[in-house]
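# Inside the fold
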Amino acid sequence: MNWHLLATDRIIDEMGSSLQGLSTAAVEQRLATYGPNVLEEKKARSALEVFLAQFKQFMILVLCIAAVVSAIAGDFIDAVIILVIVILNAVIGFIQEYRAEKAIIALKQLATPTTKVTRNGQFKHISSKLLVPGDIVVLEAGNVVPADMRIIDVHGLRIEESSLTGESASVIKTAEILELNDYTLGDLLNMAFKGTLVVNGRGAGIVVRTGMDTEIGKIARMLQADEPPTPLQKKMSELGRKISWIVITICALLFVFGIIRGEDPIDTLLIATSLAVAAIPEALPALITIALARGAKRLVNQNALVRKLSAVETLGSVSFICSDKTGTLTQNRMSICDVRPAVGAAIIKDGVTALELGMVLNHDVQKTADGKWVGDPTELALVDYMIATYSENLVEQLLMELPRVAEIPFDTERKCMTTVHKFGDSYIVFTKGAVESVCDRLIDKVDTKSILEEANVLASNGIRVLAVGYRLLPLHYDSINDPSVENNLIFAGLVGLIDPLRPDVKEAINECKTAGIRPVMITGDHVETASAIARELEILAADDLAIAGSQLDKLPYETLVNRVEDISVYARVSPDQKLTIVQALQQKKHFVAMTGDGVNDAPSLRMADIGVAMGVTGTDVSKAAADMILLDDNFATIVKAIKEGRRIYDNIRRFIKYIMTCNGAEILIIFCAPLVGLPVPLQPIHILWINLVTDGLPGLALASEKAEKNIMSRPPRPSSESIFAGGVGIHILWVGALMAIVTLFTEAIAIQLQSNRWQTMVFTVLSLAQLGHVFAIRSDYDFIYIKGFSSNKPLLATILVTLMLQMGVIYLPIANEIFETQPLSGRELLICLALSVSIFHAVELEKWIKKRIKRQTAETT
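The structure reproduced in this document is the subject of the present report. (Residues numbered from 1 in each chain as written. Predicted model: local features only at pLDDT ≥ 70, side-chain atom pairs only at ≥ 80, totals over all residues. Heavy atoms only, no water.)

### Considerations on the overall build of the protein chain
- Secondary structure assignment for the protein chain yields 34 helices and 25 strands.
- Projected onto its principal axes, the C-alpha positions of the protein chain cover 125 × 70 × 50 Å.
- Residues counted as buried form 55% of the 861 residues belonging to the protein chain.
- By sequence separation, contacts in the protein chain at least 24 residues apart represent 72% of the contacts at least 6 residues apart.
- Carbon and sulfur atoms make up 58% of the accessible area of the protein chain, which amounts to about 36300 Å² in all. (Helix = DSSP H or I, 4+ residues; strand = E, 2+ residues; numbered from the N terminus. Buried < 20%, exposed > 50% of the residue type's maximum accessible area, 1.4 Å probe, protein only. Contact = heavy atoms within 4.5 Å. Areas by Shrake-Rupley, 256 points an atom, 1.4 Å probe, with all protein chains shown as cover.)

Following this line, the structure appears as structure tokens:
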């Protein structure tokens, strides 16, 4: 039903109600039909379900199978070690992921606990949960609207709807029928919506929707949709599947090849299992989780609280930031930015002009017992300006000396408010409102055109303009409550108001653009106001488009998808339209960040690749739906978070480059050794040691690597980019092959020299080669000799610790027994060091070749 298009008596008939309210029997019947006025909760996953979900990764399942095969083959130590790693990874993931679904709970808390209604012809207070369609509800200043309702009576009623619509100014409500038109929520002036706040006046409404059928209920339903996987989750899932299928294929081939050669099936199965253990990076899932957790801790120190670990990396991937205007780019408070008294304005009283006196007197702002001024945000801005310009004492003195004796409240037809005050031996009348409305009431129409032109210039810059007029009346004037007192006014001047920009927001937006990230404004405000602010922030360029919600409704989805990259401002949009915008950008292969603080932002915060809520002004709903919360509500904090996200992703790529290179080398060593007539060079426990200790400890320290110098001047990663892009895959192949060659060369030389310690030498060369490799890959661009070996102190410490542990494995008797190693002579250890350090120099040489090619390409172009 289009309730805003129906007259009050028609609505009452449609709802089967009356001005006396519903009867007790009707209420009971409707409660049974519609249910209580509450929001349904989505069933949260149990702790067990969250824990078991950690084992659904294909790579983890393959590791579990490898553990079972090891146990069947009698190698219980390897089986236990593999299972410990799998369970440890599951526990870390469980701790980070187990979050209760708070969004619906927060939405429920927005409802007022009690509501004043008319039932059986009497006023009574009831629990808002017991409201039903057809109830007559009384609204008063300070009330939270308990359900969606059609307003049937108003007395200066203003409702603040920014949490639902995004518009900062409170909305003046009416009981009149609206004209047939396309309306957004913010334009439905004769409707009140559940969860919004009555800031002034009083009124009454008839409930038309309750519970999940309300506008806020629709948002709650949107929040129940499943969250899309993050870029890193997608890539790691893809990586896990690829590695696992490669491992299964190679193991099967190795097993078949061994059987054909007539080798013992159990031995062949153990070799195949060793290969599986070698190929799967057991430490990688835990390393990534720990790196994200450490990144989240760093972000807290920069006022960004991460609710979901995957959000840390996703920040570094975004190519579009869809930012709510009110409270995110602006401060969500009205402020006077321009005061223009009429030309030749006279001082009226105590050194103030007529315009300033009107700002002091013509409002409904009140001072509370604790000394706080409260009221409509626009009128508060007028009072705050006068207090700041003069003093609070003067404002209070004028209010006391010029008491209000009559008033004509604001209404949508007149578009103005009038107050009458005792002024010595006369009355002074002040009228404040829309410029056109005040100009129509001026006694002197000569300057009307210039006044309107001046107001239009201000409005074109996103400034809300009010006009003030005044007149004097004799004390014997007996119609001070009649609208005729608003006629024959003298023009007092214009007042411009804005919702001020946040101090650092312009610089932050420029940094985003430098980083190749496109900022887009999505707001419930009018398109002209939004466009003016967007131009000031340089969000809206000359070639960009600004579109209103009504236009968006008429735009086919396919057309929106084709044009979405050209639109920089969306105005007067509804919650489901915000969701559509995010989905359209995602369909164009963009990673989307959505910032916001209102209830209306929650569904798109949930659907976006990363949702960013405001911690100070944000509603509980937006915080619960978001991936990250800005503790200082500062848009500039997002830039810091993006930099941190990019740094973490770079380090994750280093993990993968580091670990997969060694795993690739292990595969080649085990697979190729029999082919060239060499015995299997490594035991399964050697491989596990390398994968967990030699890979794990230095890999963990890579999370501390600082950001590259160019990290915020390069564009975001394309959504289709593989985790092996940018030379990572090629590096893994050639360095892995080089490690395998060096290791097999060590084995061949040691056997040729008839050393019975050849397997320990092979184990040592591969372990030490990894330590040289991790030093070299700390930077993709800079030589480590220039960057400095000690610039990452945690990494240097872990390398020294790993080196000591490796020496312990070689020289401690108990370790010799467990790891089947033998102490090396000094000469053998030096040979191992000399061979392994070749990997470090080879990777440094790769950087030099890349720089040379890049320089030659630049000179050619």
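This is not the end of the story, as more comes after the structure.
### Thoughts on the environment of L394
- Relative to the helices and strands, L394 resides in helix α16 (residues 392–401).
- Considering only alpha carbons, one finds L394 and V360, 34 residues apart in sequence, at a separation of 9.5 Å.
- Look past the residues within four positions of L394 in its chain and what remains in contact with it is D350 and V352.

### Some details on the pattern of salt bridges
- In total, this model carries 31 salt bridges according to the counting rule given.
- Across the salt bridge formed by D650 and R714, the nearest N and O atoms sit 2.6 Å from each other. Taken together, the residues span a long stretch of sequence, with D650 in helix α26 (residues 635–675) and R714 in the loop between α28 (696–701) and α29 (728–752) at a distance of 64 residues. Accessibility assignment for this pair places D650 and R714 in one class, buried. (Salt bridge = Lys/Arg side-chain N within 4 Å of Asp/Glu carboxyl O.)

### With respect to the pairing of strand β4 (residues 148–160)
- Examined bridge by bridge, β4 and strand β7 (residues 197–209) share 10 bridges and lie antiparallel to one another. Of the residues in β7, the one forming a bridge with E160 is L197.
- Sheet topology note: the β4/strand β6 (residues 191–192) ladder contains two bridges and is antiparallel. Across the sheet, residue R150 finds its bridge partner in β6, namely M191. (Pairing = 2+ DSSP bridges.)

### Focus on the nonpolar core
- Of all hydrophobic cores here, the largest spans 108 residues; its most connected members are F635, I642, F655 and I656.
- Per-element accounting of this core gives the leading share, 19 residues, to α26.
- Other than its neighbours up to four places away in sequence, I642 contacts L315, G316, V318, I321, C512, I517 and M712.
- Ranked by size, the runner-up nonpolar core spans 45 residues in total, among them W3, V561, V573 and A613. (Core = buried A, V, L, I, M, F, W, Y, C linked by side-chain atoms within 4.5 Å.)

### Quick word on the side chain of D627
- The residue D627 is located in the loop between α25 (620–625) and β25 (628–630) in this model.
- Taking relative accessible area as the criterion, D627 reaches 7% and is therefore assigned buried.
- At a separation of 2.7 Å, a polar atom in the side chain of D627 contacts the main-chain amide nitrogen of G611. (Polar contact = N/O pair within 3.5 Å; in protein donor to acceptor, adjacent residues only side chain to side chain.)

### What about the sheet that holds strand β22 (residues 567–571)?
- Strand order in the open sheet formed by eight strands is β8-β25-β24-β23-β9-β20-β22-β21, with mixed pairing between adjacent strands. The sheet is open, and its two borders are formed by β8 (304–306) and β21 (545–548), each paired with just one other strand. Each strand axis lies, on average, 20 degrees off the axis of its neighbour in the sheet, ignoring direction.
- As paired elements, β8 and β25 share three bridges and run antiparallel to each other. Bridge assignment links V306 to a residue of β25, and that residue is M628. (Axes fitted to C-alpha atoms, helices over the stretch in contact; angles between N-to-C directions.)

### Describing the sheet that holds strand β18 (residues 464–474)
- Strand order in the open sheet formed by six strands is β10-β19-β18-β17-β16-β15, with antiparallel pairing between adjacent strands. The strands lining the two open edges of the sheet, one partner per strand, are β10 (335–341) and β15 (404–408). Within this sheet the neighbouring strands show an average axis-to-axis angle of 20 degrees, counted without direction.
- Relative to strand β19 (residues 490–498), β18 is paired through seven bridges, and the arrangement is antiparallel. Along β19, the bridge assignment pairs Y470 with I490.
- In this fold helix α14 (residues 354–361) packs onto β10, β15, β16 (416–423), β17 (426–433), β18 and β19, with an angle of close to 60 degrees to the strand it touches most, β19.

### As for the packing of aromatic side chains
- What the rule picks out here adds up to six aromatic pairs.
- Considering the side-chain rings of F775 and F789, the 5.2 Å spacing of their centres and the 75 degrees angle between planes classify their relative orientation as edge-to-face. Of this pair, F775 sits in helix α30 (residues 758–776) while F789 sits in the loop between α31 (784–787) and α32 (793–811), and the two are 14 residues apart along the sequence.
- According to the relative accessible area criterion, F789 is partly exposed, its value standing at 33%.
- Measuring from centroid to centroid gives 5.6 Å for Y785 and F789, while their planes differ by 75 degrees, and the two rings are edge-to-face.
- Taking relative accessible area as the criterion, Y785 reaches 52% and is therefore assigned exposed. (Phe/Tyr/Trp six-rings, centres within 6.5 Å; stacked < 30°, edge-to-face > 60°.)

### Some thoughts on the side chain of E356
- Along the chain, the position of E356 falls in helix α14.
- R340 provides the closest opposite charge to the buried, salt-bridge-free E356, at an N-O distance of 13 Å.
- Within the structure, E356 has its side chain in polar contact with the side chain of Y390 (distance 2.7 Å).
- Beyond its immediate chain neighbours, meaning those up to four positions away, E356 contacts G351, M386 and Y390. (Lys, Arg positive; Asp, Glu negative; His and termini not counted.)

### Remarks on helix α27 (residues 684–694)
- Along α27, 10 of the 11 residues are buried, which leaves the element largely enclosed by surrounding structure.
- Taken as a whole, α27 has its buried residues at P684, I685, H686, I687, L688, W689, I690, N691, V693 and T694.

### A look at the packing of α29 against helix α34 (residues 826–860)
- Where α29 contacts α34, the two axes come as close as 10 Å, and the packing angle between them is 155 degrees. Between α29 and α34, the angle is such that the two are roughly antiparallel. Taken as a pair, α29 and α34 cross one another with a handedness that is right-handed. Within the contact between the two elements, α29 uses H731, W734, V735, L738, M739, V742, F745 and T746 and α34 uses L835, S838, I839, A842, V843 and E846.
- For the contact of α29 with α34, the per-class residue count stands at 10 nonpolar, three polar and one charged. (Parallel < 35°, antiparallel > 145°, perpendicular 65-115°, else oblique. Left-handed = near helix turned anticlockwise from the far one by under 90°. Nonpolar A, V, L, I, M, F, W, Y, C, P; charged D, E, K, R; others polar.)

### Quick look at the pairing of strand β23 (residues 592–596)
- Here β23 lies mainly inside the structure; five of its five residues are buried.
- Across the two faces of β23 the burial is the same, with V592, M594 and G596 and A593 and T595 all buried.
- The pairing of strand β9 (residues 320–324) with β23 spans four bridges and is parallel. Residue C322 lies in a different strand from β23, and its bridge partner there is M594.

### Let's talk about α16
- Looking only at α16, the buried set comprises L394, V395 and L398. The buried side chains of α16 occupy one side of the element, clustering within an arc of 100 degrees when seen end-on. Turned more than 90 degrees away from the buried face of α16 sit N393 and M400, all of them exposed.
- Buried residues along α16 sit in contact with β11 (347–349), β12 (352–353), α14, β14 (373–374) and α15 (377–389). (Arc of directions from axis to C-beta.)

### Digging into unusual backbone geometry
- Of note in the backbone geometry, E538 takes a positive phi value of approximately 65 degrees without being a glycine.
- In this fold, E538 is placed in the loop between α20 (527–536) and β21.
- One non-glycine residue, R572, lies in the positive phi region at around 55 degrees.
- By the secondary structure assignment, R572 is in the loop between β22 and α23 (575–587).
- Among the residues examined, R572 registers a relative accessible area of 7% and is labelled buried.

### Here's the deal with empty space enclosed by the protein
- Within the structure shown, the criterion is met by five cavities of 30 Å³ or more.
- A volume near 50 Å³ is recorded for the largest cavity.
- Forming the walls of the largest cavity are L164, T165, T184, L185, G186, G524, R572, V573 and S574.
- Considered class by class, the residues forming the lining of the largest cavity number three nonpolar, five polar and one charged. (1 Å grid on protein atoms, 1.4 Å probe; cavity = no way out; pocket = protein on both sides within 12 Å on 5 of 7 lines; lining within 4 Å. Points joined across faces, edges and corners; volume = space filled by probe spheres on them.)

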